[in-house]
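# Per-entry structural report
Chain by chain, the residues run as shown.
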Amino acid sequence: MKFRGLIFCALFVALFAVLSLVQLPIGSVPITLETLVIMVCGALLGPWYGGLTFVLLIVLDLAGLPLIGGHAGPSLLLGPTAGYIWGWPFCAFFAGFVVQRMPAGSRGEWWKLVLVLFFLGDCICYIPGVLWLRHAVPSLKPWGSALAGGMWPFLPGDFVKAVIGAIIVQRVRRVYPTERIVGGDRFVEATKL
C-alpha cells in the first residue's frame, strides 16, 4: 500500500460524499451521481485502490460518518438500496482491472472505456442491488417489478454517466496513468531511467 494511493482513496471518498447529495428520488432507488464517481475512481486508481476506496466508504459509513447521500449507519447498509452499496467495491475493482490493461491512446479506446465503465463499473452492482431490493421491498417480489423498480429506469442515465466517465478517464490517463497517480514522482523517475 502506498500512502499516495490511500490519499487518492480518501479524495474519492470525499468526492463521492459530496456528489451523493445530488439526488433525484424516483421510487425506492434515487438517481444519483454516485456511479459516475465509482466508474472514474476504479478506472483511474486501478482495481485495488478503486475497490479499497468503496470498502473504506462503507466502513466509515458504518462508523457513523454520513457519506452516502448524507446518511449513515447500519440501517442504510441493510435498507432497500443496500445491495447496490455492497456492489460498489466490485464495480470499481472490475472496471479498474480491465481499464488498467487497456493501453492509453489505443485505437477505439473511448468506446472501450464507455463499455467497460457501463458494464463493469456500473451494471455489476445491479446483481446484488436488484436481488436485495426484491428481498427488502415486499411490493417488488415479482422479478418484473424488482427490475422495473431497481434497474430498467436507471440504465439510460447510467450509460450517459459512462460516456462522461470515459471522457474524463481518457483525458486524465493521457497525462496521469494509474501508476503515476498512485506512485507519484517515483514512477516518473523510474520511467526516465
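Now for a look at the structure at hand. These numbers come from a predicted model, not from an experiment.

Taking 1.5 Å of rise per residue, 19 residues should cover 27 Å, and helix α3 (residues 82–100) covers 28 Å from first to last C-alpha, within 8% of that figure. Most pronounced at Trp-88, the bend in α3 amounts to some 35°, and the proline Pro-89 follows within four residues.

With that settled, consider the packing of aromatic side chains. Scanning all chains against the criterion turns up nine aromatic pairs. With centroids separated by 5.7 Å and ring planes inclined at 75°, the aromatic side chains of Phe-16 and Phe-54 adopt a geometry described as edge-to-face. Highlighted residues: Phe-16 in helix α1 (residues 3–19) and Phe-54 in helix α2 (residues 34–62), separated in sequence by 38 residues. Owing to a relative accessible area of 0%, Phe-16 belongs among the buried residues under this scheme. You can call Phe-54 buried: its relative accessible area is 0%. Centroid distance Tyr-84 to Tyr-126: 6.0 Å. Interplanar angle 90°. Geometry classified as edge-to-face. Here Tyr-84 is found in helix α3, whereas its partner Tyr-126 is found in helix α5 (residues 126–136), with 42 residues between them in sequence. This pair shows no difference in class: Tyr-84 is buried, exactly as Tyr-126 is. Aromatic ring contacts, followed pair by pair, group Trp-48, Phe-93, Phe-94 and Phe-97 into a single cluster. Directly above the ring of Phe-97 sits Arg-101, whose terminal nitrogen or CZ lies 3.7 Å from the centroid. In this structure, Arg-134 is placed above the aromatic ring of Trp-143, and the distance from its NZ or CZ to the ring centre is 4.2 Å.

Definitions and cut-offs
- Residues numbered from 1 in each chain as written.
- Predicted model: local features only at pLDDT ≥ 70, side-chain atom pairs only at ≥ 80, totals over all residues.
- Heavy atoms only, no water.
- Helix = DSSP H or I, 4+ residues; strand = E, 2+ residues; numbered from the N terminus.
- Expected span 1.5 Å × (residues − 1).
- Bend = angle between axes of the 7 residues up to and from the residue.
- Phe/Tyr/Trp six-rings, centres within 6.5 Å; stacked < 30°, edge-to-face > 60°.
- Buried < 20%, exposed > 50% of the residue type's maximum accessible area, 1.4 Å probe, protein only.
- Lys NZ or Arg CZ within 6 Å of the ring centre and 35° of its normal.

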